[in-house]
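Descriptive structure summary
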Amino acid sequence: MRLEVYPKRVVVFRCTEEFLARVWTGNGDVPTLLAAFYQGKREARFLFNKKLADYLDSLYDGVSRHFNLELKLETEGDSLEFAERRALQNEVYASRHWLGQQNMHLKERFAGYLDLSNL
């Protein structure tokens, strides 16, 4: 069974990897990136355990939140009081840091599912 689902797991991994890379570099239209990732991860609950599927859902939610924070800073930043703008900038920075962490540890999270050495 594991060998049969392997190609589909690789597709989800590559989709996630590309999603994070494009988000990190700002390369792509936000709604398009989110929609493509949503479609790419839709079978995760059947291919992985609940923990990894929940992680992929949290990536989607976290990236969506990150984009919303950046958009809010861009559109409302100049009209906010100094303290509010500073707090929003800190949220964007923390969100960007979280995003970088996800990118760094992605391969570790998928390693057990993509390793065929025990077959």
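Residues numbered from 1 in each chain as written. Predicted model: local features only at pLDDT ≥ 70, side-chain atom pairs only at ≥ 80, totals over all residues. Heavy atoms only, no water.

**A word on the side chain of Lys41**
The criterion, for reference: Only runs of H or I of at least four residues qualify as helices and only runs of E of at least two qualify as strands under DSSP, and these elements are numbered from the N terminus. Counting of polar contacts relies on pairs of N or O atoms within 3.5 Å, with two restrictions inside protein: one atom must be capable of donating a hydrogen and the other of accepting it, and residues adjacent in sequence are counted only when both atoms are side-chain atoms. Contacts between residues were defined by any pair of non-hydrogen atoms, one from each residue, lying within 4.5 Å.
Relative to the helices and strands, Lys41 resides in helix H2 (residues 30-41). Side chain to side chain, Lys41 and Asp57 meet in a polar contact 2.7 Å long. Those residues in contact with Lys41 that lie beyond four places of it in its chain are Leu56, Asp57 and Tyr60.

**Comments concerning the confidence of the model for the protein chain**
Our working definition: Summary of the metric used: pLDDT quantifies the predictor's per-residue confidence within the range 0 to 100.
Per-residue confidence for the protein chain gives a mean pLDDT of 93, with 97% of residues at or over 70. Mean pLDDT across the elements of the protein chain bottoms out in helix H1 (residues 2-25) (93) and peaks in helix H4 (residues 50-76) (96).

**Describing the packing of H1 against H2**
We apply this condition: Working convention: axes come from line fits to C-alpha atoms, limited for helices to the stretch in contact. Angles between N-to-C directions cover 0 to 180 degrees. Roughly parallel here means an angle under 35 degrees, roughly antiparallel means over 145, roughly perpendicular means 65 to 115, and every remaining angle is called oblique. Each helix crossing is assigned a hand: it is left-handed if the near helix lies turned anticlockwise from the far helix by less than a right angle, otherwise right-handed if that turn is clockwise.
Contact geometry of H1 with H2 gives a least axis separation of 9 Å together with a crossing angle of 160 degrees. Compared by their axis directions, H1 and H2 come out roughly antiparallel. Pair H1 / H2 crosses with left-handed handedness. Between H1, through Val12, Cys15, Thr16, Phe19, Arg22 and Val23, and H2, the contact on the second element is made entirely by Leu33, Leu34, Ala36, Phe37 and Gly40.

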